[in-house]
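Take a look at the letters that make up each chain.
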Amino acid sequence: MDLISSEALSTEYLTVNSCGCQKLYDMDIGSYRPDGRVDYHILYIYEGSCYVTINNETTIAPAGTVIIFLPFQKQDYKFFKKDKSISYFIHFTGTACEKLMEEMKLDEQNIFHLGKSLHLQKLFNLLIDEFHQKQKYSKYRLQGLLLEILSLIARKNSIMPFGDPVKRKKLNEACSFMYSNFSKDYSISYYAQMCNLSDSRFSHLFTEMVSVSPKQYLINIRIEAAKELLVNSDLTILQISEAVGILDQNYFSRIFKKQTGVSPTKYRKMY
């Protein structure tokens, strides 16, 4: 379900201008608005990844990330079909917004790594259903659901073990570096040192942020890259294995089948 309506300001306490859930499977898609919107904009990345640029720095926002754009703030983000992303969005306005966002400390940053939450997903779905049904007194229920979503984001952000913005930035840099250098054989210790953390602490916080371990995150990236090469190149399985940073072809084939359900050779034939 997806609905995009025009931007608007409201004299009501809180007003949902538009909302929806986008399954971004078929094409690369993004938004570039140098002057932003007049209202507030929330994105909740439930599956896949979003590539968001803030202050000329591009960050990979994985599943479990909430992105909040304030009014008139530059918006620059992209989704790629290879990531099979699912993204919820809300555009909202109202006389209470500025004070609420300040009190909940949701105006201090744009990216919130909260982890995947079934509770948060349920609230988004309830709000979307209510918005589209437009039943009597709907505006009051929408206000309540929006407040619950905002307060849940604020609460989860306040108790996250990586709530320290410096530490969160380091973890995100490690995540982005891993994505850009997946073919190289860097150890977990290398990434932990980037964040000034012990190996065990880094692994714990990374898993909290991304919902998978650093090792599994790297495997996921490598398998996605291998899929692209299998479909769009004439490289041999061994060459593809080496290109994505896995030097043992047998190991590559095993984890590829574990991830996709088919062997690399069969995957190539299928697509």
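Here the structure is shown first, and the text comes after it.
Residues numbered from 1 in each chain as written. Predicted model: local features only at pLDDT ≥ 70, side-chain atom pairs only at ≥ 80, totals over all residues. Heavy atoms only, no water.

S.K.: Can you walk me through the overall build of the chain in this structure?
M.R.: In terms of helices and strands, the chain carries ten helices and nine strands. At 20 Å, the chain has a C-alpha radius of gyration in line with the 18 Å of a compact globule built from 271 residues. Expressed as lengths along the three principal axes of its C-alpha atoms, the size of the chain is roughly 60 × 45 × 35 Å. A burial count over the chain gives 48% of its 271 residues as buried. (Helix = DSSP H or I, 4+ residues; strand = E, 2+ residues; numbered from the N terminus. Rg over C-alpha atoms; globule rule 2.2 N^0.38 Å. Buried < 20%, exposed > 50% of the residue type's maximum accessible area, 1.4 Å probe, protein only.)

S.K.: Please explain the layout of surface pockets as it appears in this structure.
M.R.: Within this model, the largest pocket holds a volume of roughly 550 Å³. Lining the largest pocket are 20 residues, and of these Gly 48, Ser 49, Asp 83, Asn 220 and Glu 224 lie nearest its centre. Of all the elements, helix H7 (residues 214-232) adds the most residues to the lining of the largest pocket, at six residues. (1 Å grid on protein atoms, 1.4 Å probe; cavity = no way out; pocket = protein on both sides within 12 Å on 5 of 7 lines; lining within 4 Å. Points joined across faces, edges and corners; volume = space filled by probe spheres on them.)

S.K.: What should I look at first to understand H7 in this one?
M.R.: The α-helix advances 3.6 residues per turn, and as a result positions three or four apart in sequence lie on the same side. In this model H7 runs 27 Å from its N-terminal to its C-terminal C-alpha over 19 residues, within 8% of the 27 Å that 1.5 Å per residue would give. Every buried residue belonging to H7 is among Pro 214, Tyr 217, Leu 218, Ile 219, Ile 221, Arg 222, Ile 223, Ala 225, Ala 226, Lys 227 and Leu 230, and all of these are buried. (Expected span 1.5 Å × (residues − 1).)

S.K.: Honestly, a nonpolar patch on the surface in this entry has me stumped. Any pointers?
M.R.: Taken together, the side chains of Val 231, Met 270 and Tyr 271 define a hydrophobic patch exposed on the protein surface, amounting to about 320 Å² of accessible area. Mapped onto the fold, Val 231 is located in helix H7. (Patch = residues over 30% accessible without salt bridge, like charges linked within 9 Å, V, L, I, M, F, W, Y side chains within 5 Å. Areas by Shrake-Rupley, 256 points an atom, 1.4 Å probe, with all protein chains shown as cover. Salt bridge = Lys/Arg side-chain N within 4 Å of Asp/Glu carboxyl O.)

S.K.: I tried to follow the environment of Leu 197 on my own but got confused; where do I start?
M.R.: The topology assignment puts Leu 197 in the loop between helix H5 (188-194) and helix H6 (199-210). Overall, the relative accessible area of 15% leaves Leu 197 in the buried class. Linking Leu 197 and Cys 97, residues 100 residues apart in sequence, is a C-alpha distance of 37 Å.

S.K.: Explain the nonpolar core to me, please; I cannot follow it from the model alone.
M.R.: Across soluble globular proteins, you tend to see nonpolar side chains buried next to one another. Val 66, Ile 90, Phe 92, Leu 106 and Leu 127 are the most contacted members of the largest nonpolar core, which totals 36 residues. Counting only elements with at least two residues in this core, the list comes to strand E1 (15-24), strand E3 (40-47), strand E6 (65-69), strand E8 (85-93), helix H1 (97-103), helix H2 (118-133) and helix H3 (138-159). It is H3 that provides the largest number of residues to this core, a total of eight residues. Here Leu 127 is in contact with Val 16, Cys 19, Ile 90, Leu 142, Leu 145, Leu 146 and Ile 149, once residues within four sequence places are set aside. Counting residues in hydrophobic clusters, the runner-up holds 18 residues, among them Ala 174, Cys 175, Phe 206 and Met 209. (Core = buried A, V, L, I, M, F, W, Y, C linked by side-chain atoms within 4.5 Å. Contact = heavy atoms within 4.5 Å.)

S.K.: Could you clarify how one ought to interpret the sheet that holds strand E2 (residues 29-33) in this entry?
M.R.: Within a beta sheet, neighbouring strands are joined by backbone hydrogen bonds and run either parallel or antiparallel to one another. Spatial ordering of the open sheet is given by E2-E7-E4-E5, a layout of four strands whose pairing is antiparallel. Looking at the sheet topology across the chains shown, the edges are occupied by E2 and strand E5 (57-62). Averaged over all pairs of adjacent strands, the angle between strand axes in this sheet comes to 20 degrees, irrespective of strand direction. Judged from the six bridges that link them, strand E4 (residues 49-54) and E5 form a sheet pairing that is antiparallel. Bridging across to E5, Val 52 finds its partner in Thr 59. (Pairing = 2+ DSSP bridges. Axes fitted to C-alpha atoms, helices over the stretch in contact; angles between N-to-C directions.)

S.K.: Would you take a moment to explain the packing of aromatic side chains for this structure?
M.R.: In this description, an aromatic ring pair is defined by two values, namely the gap between the centres and the angle between the planes. A full pass over the atoms with the stated rule returns 20 aromatic pairs. On the numbers, 5.5 Å between centres and 20 degrees between planes, the contact of Tyr 44 with Phe 124 is stacked. Of this pair, Tyr 44 sits in strand E3 while Phe 124 is found in helix H2, placing the two residues 80 residues apart along the sequence. Across the pair, exposure class does not vary: Tyr 44 and Phe 124 are buried alike. Seen from their ring centres, Tyr 77 and Phe 79 are 6.1 Å apart, and the 80 degrees between their planes marks the pair as edge-to-face. Given the relative accessible area of 3%, Phe 79 is considered buried. Ring pairs connect the aromatic residues Tyr 44, Tyr 46, Tyr 88 and Phe 124, which therefore count as one cluster. Looking at Lys 134, its charged tip hangs above the ring of Phe 131, at a distance of 4.3 Å from the centre. (Phe/Tyr/Trp six-rings, centres within 6.5 Å; stacked < 30°, edge-to-face > 60°. Lys NZ or Arg CZ within 6 Å of the ring centre and 35° of its normal.)

S.K.: Any chance you could explain the sheet that holds E3 here in plain terms?
M.R.: Read across the open sheet, the five strands follow the order E1-E8-E3-E6-E9; overall the sheet is antiparallel. Each edge of the open sheet is held by one strand with a lone partner, namely E1 and strand E9 (111-113). Pairs of neighbouring strands in the sheet enclose a mean axial angle of 15 degrees, with direction left out of account. Where E3 and E6 come together, five bridges link them in antiparallel fashion.

On their own, these measurements won't tell you what the molecule is for.
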